[in-house]
Amino acid sequence: MTGILRDIYYNSVEFVRTFGAFQLFFLRILRHSPAILLGRFGLVVKQVFESGALSLVIIMISGLFVGGVLGLQGYSNLARFNAEDAVGVFAAFGLVKELGPVITALLFAGRAGTALASEIGLMKATDQLSAMEMMAVNPVPRVLVPRFLGGVIAMPLLAAIFSMVGLLGTHLVAVELLGVDVGAFWQQMQITVDIKDINEGIFKSLVFGVAASLIAVWEGYNSIPTAEGVGRATTRTVVITAIAVLVFDFMITAVML
Amino acid sequence: MAELSENLIEIHDLKYSRGPRVIFEGLNLVIKRGEITALMGPSGTGKTTLLRLITRQLIPQHGTILVDGVDISTLNLSELYQMRQRFGMLFQNGALLTDLSVFENVAFPLREHTKLSNRLIRHVVLTKLHAVGLRGAADMMPAQLSGGMARRVALARAMVMDPEILIYDEPFVGLDPISMGVIVRLVRRMNDALGITSIIVSHDVAEVSTVADRSFLISDGKVAASGSPEELRVAQSDLVRQFMHGMADGPVAFHFDAPGYEEQLLGRDAE
């Protein structure tokens, strides 16, 4: 019994310590961010390309099919109430407020987050970060901050593209396949979806972008510098980001409803 | 103008341990300005760790490390980075930045710390690459280089800022005899021509002996012997003789601590 209590105590202390270190790490990243944004924007643009542009294919394919599924589900369920014309509104709310930011963040964690964590972890394992330190170059602003900012900028853009392609998928299924009136589909969406709903989606994707990018650079930077350690960091990036995104989604939805 | 001290790096009563394992205890060592100093010793004695302590990549639990009279453990981050601009370091595995070309790797410190024009940077980088025989590889990526080539590029990068102190961690590993000869001569020439102080960690007794002015043999967390390569070669200490002449028998055990060979093979150690 005392063994279990001791384990709980040590694990709790370790959790608090790690959480504190994570917060300090976040502050360090934030402290260097303005200088990198203003002085070395080229580094950030490169990372927006790495994290964002290279994730476009997976985001667009996923968005198209998620939108298609929403079209099928929306049509079959709304048809019971003779409200199949509202399938556009149904899909728009679902995509813009929830599915767009959440699924994009999960896909981002799987595609860009793992790439970030493993890249930084390998840089550490192969002494590249130590070499930078020895060249009097601080790796936090030079390596971590551009990658963090790249992810933060890329996430809302990817979420917006996901939602747009998703709506296209819904249109293809509902209008082209199932015969919903195209005018009703788009007009009802235009009338019902408010700028506030779009802002909610943008805000969520921004928060998820911060969470996913921060977790990825933290895990990579703090990975054990071995092949196994980098592998673990990559896995933890996906798992922790997925949990964080879903928790934040609940909290933001609860506050903004 | 104050006269420069003869001792560039002084280590006093250094203690450093990793977990329960004591790496150094009571280590004292002086590296003289303008000399090539070799740090030698059996595997696992902490030679690379000592380099990391000298450059404050690690912090000792006890003792002082003075670089040009300054205790490096007292420096804040910006002072430390200023100090590190006086160092160049060649890492064991080269540690080239894998997302940059050979040219950009060598140009990296110049781009970060100077406002030189692209034309001047190109001139300096090509000069350094030429010195290590890899001017023709300027456009290649690190993944396209052999281990030896990567280390030569890393050497060019280490010297691109014309540092006062050049640190080489196992510089001769993976080099073919021709490259090794060129690099040994380059180390010597840079030291003599530019007045650099060099610190070399190496197992390669033969090569180090041709280039070092002074060698320190580290064992059991302390300096076991020091002197010129010639003095170490004729030293009577069992440890020094075993190491310098590569003998299997001596105070340094070849085998890591283990139960008896026969007992373990017959499974008696588990009983």
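Just so we're clear, the structure is a prediction, and the values are computed from it rather than from any experiment.

S.K.: Break down the overall build of chain A for me, with residues and values.
M.R.: Counting its regular elements, chain A contains 9 helices and 0 strands. When the helices and strands of chain A are placed in sequence order, the string is α-α-α-α-α-α-α-α-α. Summarising its shape, the C-alpha atoms of chain A cover approximately 65 × 55 × 30 Å along the three principal directions. In chain A, buried positions account for 43% of the 257 residues. Across chain A, the fraction of contacts at a sequence separation of at least 24, relative to all contacts at a separation of at least 6, is 87%.

S.K.: Tell me about the overall build of chain B, residues and numbers included.
M.R.: A count of helical and extended segments in chain B gives 10 helices and 10 strands. Against the 2.2 N^0.38 benchmark of 18 Å for 271 residues, chain B shows a C-alpha radius of gyration of 20 Å, consistent with a compact globule. For chain B, with 271 residues in total, the buried portion stands at 35%.

S.K.: An account of the pairing of strand β2 (residues 21–32) of chain B is requested, with residue identities and associated values reported.
M.R.: Residue and element names in this part refer to chain B. With 9 bridges joining them, strand β1 (residues 7–18) and β2 adopt antiparallel strand pairing. Bridging from a neighbouring strand, E10 pairs with V30 of β2. Hairpin connection of β1 to β2: 2 residues between the antiparallel strands, including G19 at a positive phi of 65°.

S.K.: An account of helix α4 (residues 118–131) of chain B is needed here, citing residue identities and associated values.
M.R.: All names here are of chain B. Between the first and last C-alpha of α4 there are 20 Å, a value that for 14 residues agrees with the 20 Å anticipated at 1.5 Å per step. Every buried residue belonging to α4 is among V125, K128 and L129, and all of these are buried. Looking down the long axis of α4, one finds its buried residues gathered within 100° of arc, a one-sided arrangement. Away from the buried face of α4 by more than 90 degrees, exposed residues R119, L120 and H123 are located. Its buried side turned inward, α4 meets α3 (102–113) and α5 (147–159).

S.K.: Give me the lowdown on the confidence of the model for chain B, citing residues and values where you can.
M.R.: Residues and elements named next belong to chain B. Residues with a pLDDT of 70 or more make up 96% of chain B, whose mean pLDDT is 86. The secondary-structure element of chain B with the lowest mean pLDDT is helix α9 (residues 238–245), recorded at 74, while α3 shows the highest, at 95. Reported confidence for the predicted complex is 0.83 by ipTM and 0.86 by pTM.

S.K.: Quick one: what's the story with the sheet that holds strand β9 (residues 214–219) of chain B, residue by residue and with numbers?
M.R.: All names here are of chain B. What the 6 strands build is an open sheet, ordered β6-β7-β8-β3-β9-β10; its pairing is mixed. The open sheet has two edge strands with one neighbour each: β6 (87–90) and β10 (222–227). Ignoring which end each strand starts from, the neighbouring axes of this sheet average 15° apart. With 4 bridges connecting them, strand β3 (residues 36–40) and β9 associate as parallel partners.

S.K.: Hey, could you go over the pairing of strand β7 (residues 165–169) of chain B for me, with residue numbers and the actual values?
M.R.: Residue and element names in this part refer to chain B. With 5 of 5 residues buried, β7 is to be regarded as a mostly interior element. Across the two faces of β7 the burial is the same, with I165, I167 and D169 and L166 and Y168 all buried. Bridging between β7 and strand β8 (residues 197–201) involves 5 bridges; their strand directions are parallel. Following the sheet pairing, Y168 is matched in β8 by I200. For the crossover from β7 across helix α6 (residues 177–194) to β8, the handedness is right-handed.

S.K.: Can you break down the environment of G42(A) residue by residue, with the values?
M.R.: Among the secondary structure elements, G42(A) is positioned in helix α2 (residues 41–51). Classification of G42(A) by C-beta neighbours within 10 Å gives exposed; the count is 9.

S.K.: Please give an account of the sheet that holds strand β5 (residues 70–71) of chain B that cites residues and values.
M.R.: All names here are of chain B. Pairing in this open sheet of 4 strands is antiparallel, and the strands run β2-β1-β4-β5 from one edge to the other. Two strands in the sheet have a free side with no partner beyond their single neighbour: β2 and β5. In this sheet, β5 lies alongside strand β4 (residues 62–67) in antiparallel orientation, the contact comprising 2 bridges. Paired with L66 across the bridge in β5 is D71.

S.K.: How would you sum up the packing of helix α4 (residues 87–125) of chain A against helix α7 (residues 182–192) of chain A? Please name residues and give values.
M.R.: All names here are of chain A. α7 packs onto α4 with a crossing angle of 50° between their chain directions and a minimal axis gap of 7 Å. Put simply, α4 runs oblique to α7. Crossing of α4 over α7 shows right-handed handedness. Contacts between α4 and α7 pair V87, G88, V89 and A92 from the former with F185, W186, Q188, M189 and T192 from the latter. Looking at the contact of α4 with α7, its residues break down into 6 nonpolar, 3 polar and no charged.

S.K.: Explain the packing of helix α8 (residues 195–221) of chain A against helix α9 (residues 227–256) of chain A to me, and be specific about the residues and the numbers.
M.R.: The angle between the axes and the distance between the axes are what describe a pair of packed helices. Residues and elements named next belong to chain A. Contact pair α8 / α9: the axes reach a minimum separation of 9 Å and the direction vectors enclose 155°. Accordingly, the angle class assigned to the pair α8 and α9 is roughly antiparallel. For the crossing formed where α8 meets α9, the hand is right-handed. Facing α8, whose interface residues are E200, F203, K204, V207, F208, A211, A212, I215, A216, E219 and G220, α9 presents A233, R236, T237, I240, T241, A244, V245, F248, D249, I252 and M256.

S.K.: Tell me what's going on with the confidence of the model for chain A, and back it up with residues and numbers.
M.R.: For chain A, mean pLDDT is 94; residues scoring 70 or higher make up 100% of the total. Within chain A, the element-level pLDDT minimum falls on α7(A), averaging 92, and the maximum on helix α6 (residues 139–177) of chain A, averaging 96.

S.K.: Describe α9(A), with residues and values.
M.R.: One turn of an α-helix holds 3.6 residues; hence residues three or four places apart share an orientation. Residue and element names in this part refer to chain A. Along its 30 residues, α9 runs 43 Å from first to last C-alpha, staying within 8% of the 44 Å computed at 1.5 Å per residue. Taken together, the buried positions of α9 are V230, A233, T234, T237, T241 and V245. At its buried positions, α9 is contacted by α4 and α8.

S.K.: Tell me what's going on with the nonpolar core, and back it up with residues and numbers.
M.R.: Counting residues in each nonpolar core, the largest one holds 135 residues, and the members touching the most others are A212(A) and V153(B). Looking at this core, the element that brings in the most residues is α4(A), giving 19 residues. Non-local contacts of A212(A), meaning those with residues more than four positions away in its chain, are made with A105(A), F108(A), A109(A), G113(A), G151(A), M155(A), T241(A) and V245(A).

S.K.: Help me get a handle on unusual backbone geometry, residues and values and all.
M.R.: For A136(A), which is not glycine, the phi dihedral falls at a positive 60°. Mapped onto the elements, A136(A) comes out in the loop between α5 (128–134) and α6. With a phi angle near 50°, D162(B) is a residue other than glycine that sits in the positive phi range.

Calculation notes
- Residues numbered from 1 in each chain as written.
- Chains lettered and ligands numbered in written order.
- Predicted model: local features only at pLDDT ≥ 70, side-chain atom pairs only at ≥ 80, totals over all residues.
- Helix = DSSP H or I, 4+ residues; strand = E, 2+ residues; numbered from the N terminus.
- Buried ≥ 20, exposed ≤ 12 C-beta atoms within 10 Å, placed from the backbone.
- Contact = placed C-beta atoms within 7 Å.
- Rg over C-alpha atoms; globule rule 2.2 N^0.38 Å.
- Pairing = 2+ DSSP bridges.
- Expected span 1.5 Å × (residues − 1).
- Arc of directions from axis to C-beta.
- pLDDT = per-residue confidence, 0-100.
- Axes fitted to C-alpha atoms, helices over the stretch in contact; angles between N-to-C directions.
- Right-handed = clockwise from strand over helix to strand, strands pointing away.
- Parallel < 35°, antiparallel > 145°, perpendicular 65-115°, else oblique.
- Left-handed = near helix turned anticlockwise from the far one by under 90°.
- Nonpolar A, V, L, I, M, F, W, Y, C, P; charged D, E, K, R; others polar.
- Core = buried A, V, L, I, M, F, W, Y, C linked by C-beta atoms within 7 Å.

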